[in-house]
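Each chain, written out:
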Amino acid sequence: MKKFELSHPVVLTAFIFVGFLLNLSVIPLFDVDEGAFSEATREMLNSGVWSATYLDGQPRYDKPILTYWVQAVFVSIFGLNEFGLRMHSVISAALWALACFLFCKEFINRNTAVAVLVIFASTLWITVIGRAATADALLNLFIALSFFDIYRYSQHQQNIHCYRAWLWMSLGMLTKGPVAVAIPAISSLIWLLSLGHFRVWLKAVLNPVGWLIFLSVLTPWLYMVWLEQGSDFFYGFLVEHNLKRFTATKEGHGGSWYYYLLVLPMIILPYSGLILNPIRRCARLWQNPLNRLLIIWFSVVFMLVSISQTQLPHYVLYGVTPLLILFAKYRNLISRQHWQWLFPLAFCAIQFILLFVAPDLAQQQNNLYQQQMLTIATQVFNTNYLIASVILLLLVSVLYFIPISLWKRLSTAALLQTLFCYTFLIPALAEIQQAPIKQAALQSKDIAQPFVAYKIHMPSFSVYRQDITHRREVKPGDYVYTRADRVSSLQEMFGRQNVRVFYQHGGIVLAEILHDKQQRALVNVEN
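What you see is a predicted model, and the numbers here were worked out from it, not measured in a lab.

Draft legend 1. Quick look at the overall build of the protein chain. Looking only at helices and strands, one finds 27 helices and seven strands in the protein chain. Against the compact-globule benchmark of 24 Å for 527 residues, the protein chain has a radius of gyration of 25 Å, which places it among compact chains. C-alpha atoms of the protein chain, sized along the principal axes, occupy 85 × 60 × 40 Å. Counting every position in the protein chain, which comprises 527 residues, the buried fraction comes to 53%. Here the analysis covers contacts within the protein chain between residues at least 6 apart in sequence; of these, 74% occur between residues at least 24 apart. Total accessible area on the protein chain stands at roughly 23200 Å², and carbon and sulfur atoms take up 63% of it.

And the structure:
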């Protein structure tokens, strides 16, 4: 049985492969985020402008530059495809996992280091961002590295650890902005104050070499982006996409103070049941300095994202790394309750719910776009999906009765969940939402004319078409990329007979806006 131990290299490889590489190049890019990052990087490579980003020809102020640079490197190596566009996140996730492994091996023990690898590679939302063409895996890598070197500095008082923490925060700032500095700075201040070591924190914060590193990393790009986009970038990024995201609801992503209480269990499936034991043992865990840092790290993130007026599920991931380390460290102590098996079963239950509601989803929608998109649900949530869901449920149920520790059973169930997720669930969701866009883009490549986006923002169309989709007023003679529920508006503006739809699938529409002369000529040909 030794070869089946979780620490066996083959088993660890299986966890990592399934979590971050399985079907990586098969699943289409998801809009909006993957499409936006990928198209901005494509335009960067095409234009040769490396100092600033543009999306469909318009300045993009959402994020700093580092993710686009790293993504561009991998696209240059592997090509403009899903594999190349996502590989920067796969590598970032691998380095993030390695950093957790090395830290746990150094300060806890090797068995915990192995356990954190297993949990990391099979936690639902970590695998999602670890294979997504976005900035989140890279940002979480730098946040984790910052905390790890902050702890090392507190233990050894060696300047190299202080300098490295400054470097990671600087690179995090270059990846996604102030959040990469705010979380480690606030958390470490609270932690060191609680230990009576405020001077250690102050010494690190006032370190002139640290500031030199910070400015050396950021200043060259800040100067270049100012030359390219002027002060508009700084207002757009700092005010619109940072300050206002915290103080106001952006893009309809509002929430409430309890939002992450509901989201967190979904984020860390199937390990959600492990979180209650550390909460109950918090007073005891608090006595250990490392545990205290991990608790503060998670708590600061949870509080900040909970009071933010813009809330998205992946925001809480900035504080999930310390949870995973605590889960790994106390795995045998906190995974003893049989009710914790309800969470792997809950994932199975979700699949049967999807199968049950799929036939009626389209009919329940009032929006034409959603109706047409969800008609695909009955095609993907089919007999094969049902069989796979039944097999998953049987395996998870049988696994519960195998006479090994609950921790090992839970980890094995997590591997099965991840395997199902990237073999069936995510491909099904992509087929519903994204496949029609990719098909439309590939079909439109044969048309040597620019396209105009009309009341739609799904930029993966531009990625697959490998051309900018203009965002301007539609005029006669234009080719239009839009949604099914927007066609009636075009027909009102130009006349029903002048809107020639030549692609419509899954709620996605490609149409040509005809001139009156073109319409008369078309009628004559048909007659």
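Structure shown, so let's carry the discussion forward.
Draft legend 2. Main features of the nonpolar core. Residues Leu 264, Tyr 271, Trp 297, Phe 327, Phe 381, Tyr 481 and Ile 508 are the most contacted members of the largest nonpolar core, which totals 161 residues. It is helix H23 (residues 406-433) that provides the largest number of residues to this core, a total of 13 residues. In contact with Ile 508, other than residues within four places in its own chain, are Tyr 369, Pro 436, Ile 437, Ala 440, Ile 456, Met 458, Tyr 481, Thr 482 and Tyr 503. Grouped together as the second largest cluster of nonpolar side chains are 12 residues, Tyr 454, Ala 484, Val 499 and Ala 511 included.

Draft legend 3. Up close: the sheet that holds strand E6 (residues 499-505). Taken together, the five strands give an open sheet; going across it, the order is E4-E3-E5-E7-E6, and neighbouring strands pair in mixed fashion. Edge positions in the sheet fall to strand E4 (469-470) and E6, since each of these pairs with one other strand and no more. Pairing analysis gives three bridges linking strand E3 (residues 451-453) to strand E5 (residues 479-483), with the strands arranged parallel. From the neighbouring strand, Ala 453 faces E5, where its bridge partner is Tyr 481. The strands touched by helix H24 (residues 435-444) are E3, E5, E6 and strand E7 (508-513); relative to E6, the strand with the most contacts, the crossing angle is about 130°.

Draft legend 4. Seen up close, the environment of Pro 220. Its place among the elements puts Pro 220 in helix H11 (residues 208-229). Looking at Pro 220, the relative accessible area reads 43%, which means it is partly exposed.

Draft legend 5. Region of the structure containing the pairing of E7. E7 sits mainly inside the fold: six of its six residues count as buried. In E7, alternate side chains face the same way, and those of Ile 508, Leu 510 and Glu 512 on one face and Val 509, Ala 511 and Ile 513 on the other are all buried. One ladder, built from five bridges, connects E5 with E7; its direction is antiparallel. Looking at E7, one finds that Tyr 481 is bridged to Leu 510. Alignment of E6 against E7, held across six bridges, turns out to be antiparallel. Its bridge partner being in E7, Val 499 is matched across the sheet by Ile 513. Taking the residues that link successive antiparallel strands as the turn, the E6-E7 hairpin has two residues, and the phi of Gly 506 there is positive, at about 60°.

Draft legend 6. Representation of the pattern of salt bridges. Tallied over the full model, the rule gives 13 salt bridges. For Lys 438, the salt bridge identified is with Glu 82, shortest N-O distance 2.9 Å. Pair noted here: Lys 438 is in helix H24 and Glu 82 is in helix H4 (residues 82-107), with a separation of 356 residues, a long-range link. Lys 438 sits in the partly exposed class, given a relative accessible area of 21%. The exposure class assigned to Glu 82 is buried, which follows from its relative accessible area of 6%. Across the salt bridge formed by Arg 152 and Asp 149, the nearest N and O atoms sit 3.2 Å from each other. Remark: Asp 149 and Arg 152 occur in helix H7 (residues 136-156); sequence separation between them is three residues, near one turn of the helix.

Draft legend 7. Fine view of unusual backbone geometry. At the junction of Asp 31 and Val 32, the peptide bond is cis and its omega measures out at 15° in the coordinates. Assignment of secondary structure puts Val 32 in the loop between helix H1 (9-20) and helix H2 (33-47). Even without being glycine, Asn 23 reaches a positive phi, approximately 60°. With respect to the helices and strands, Asn 23 occurs in the loop between H1 and H2. A relative accessible area of 25% places Asn 23 in the partly exposed class. For Gln 157, which is not glycine, the phi torsion reads 55° and is therefore positive. When you line up the elements, Gln 157 lands in the loop between H7 and helix H8 (159-176).

Draft legend 8. Molecular detail of the packing of H7 against helix H16 (residues 289-307). Viewed as axis vectors pointing N to C, H7 and H16 meet at an angle of 150°, and their least axial separation amounts to 11 Å. Taken as axis vectors, H7 and H16 run roughly antiparallel relative to one another. Judged by the twist between their axes, the crossing of H7 over H16 is right-handed. The segment H7 lies against H16, with Ile 143, Ala 144, Phe 147, Phe 148 and Tyr 151 engaging Pro 289, Leu 290, Leu 293 and Trp 297. Within the contact of H7 with H16, the residues separate by chemical class into nine nonpolar, no polar and no charged.

Draft legend 9. Geometry of the packing of aromatic side chains. By the definition in use, this model includes 37 aromatic pairs. Considering the side-chain rings of Tyr 385 and Phe 424, the 6.4 Å spacing of their centres and the 90° angle between planes classify their relative orientation as edge-to-face. Taken together, the positions of Tyr 385 in helix H22 (residues 383-400) and Phe 424 in helix H23 put the pair 39 residues apart, joining distant regions of the chain. With relative accessibility at 2%, the residue Tyr 385 sits in the buried group. In this structure an aromatic cluster arises from ring pairing among Phe 103, Phe 107, Phe 147, Phe 148, Tyr 151, Trp 191 and Trp 297. The ring centre of Phe 37 lies 5.1 Å from the NZ or CZ of Arg 60, which sits over that ring. Taking the ring centre of Tyr 400 as reference, the NZ or CZ of Arg 409 above it sits at 5.7 Å.

About the thresholds
- Residues numbered from 1 in each chain as written.
- Predicted model: local features only at pLDDT ≥ 70, side-chain atom pairs only at ≥ 80, totals over all residues.
- Heavy atoms only, no water.
- Helix = DSSP H or I, 4+ residues; strand = E, 2+ residues; numbered from the N terminus.
- Rg over C-alpha atoms; globule rule 2.2 N^0.38 Å.
- Buried < 20%, exposed > 50% of the residue type's maximum accessible area, 1.4 Å probe, protein only.
- Contact = heavy atoms within 4.5 Å.
- Areas by Shrake-Rupley, 256 points an atom, 1.4 Å probe, with all protein chains shown as cover.
- Core = buried A, V, L, I, M, F, W, Y, C linked by side-chain atoms within 4.5 Å.
- Pairing = 2+ DSSP bridges.
- Axes fitted to C-alpha atoms, helices over the stretch in contact; angles between N-to-C directions.
- Salt bridge = Lys/Arg side-chain N within 4 Å of Asp/Glu carboxyl O.
- Parallel < 35°, antiparallel > 145°, perpendicular 65-115°, else oblique.
- Left-handed = near helix turned anticlockwise from the far one by under 90°.
- Nonpolar A, V, L, I, M, F, W, Y, C, P; charged D, E, K, R; others polar.
- Phe/Tyr/Trp six-rings, centres within 6.5 Å; stacked < 30°, edge-to-face > 60°.
- Lys NZ or Arg CZ within 6 Å of the ring centre and 35° of its normal.

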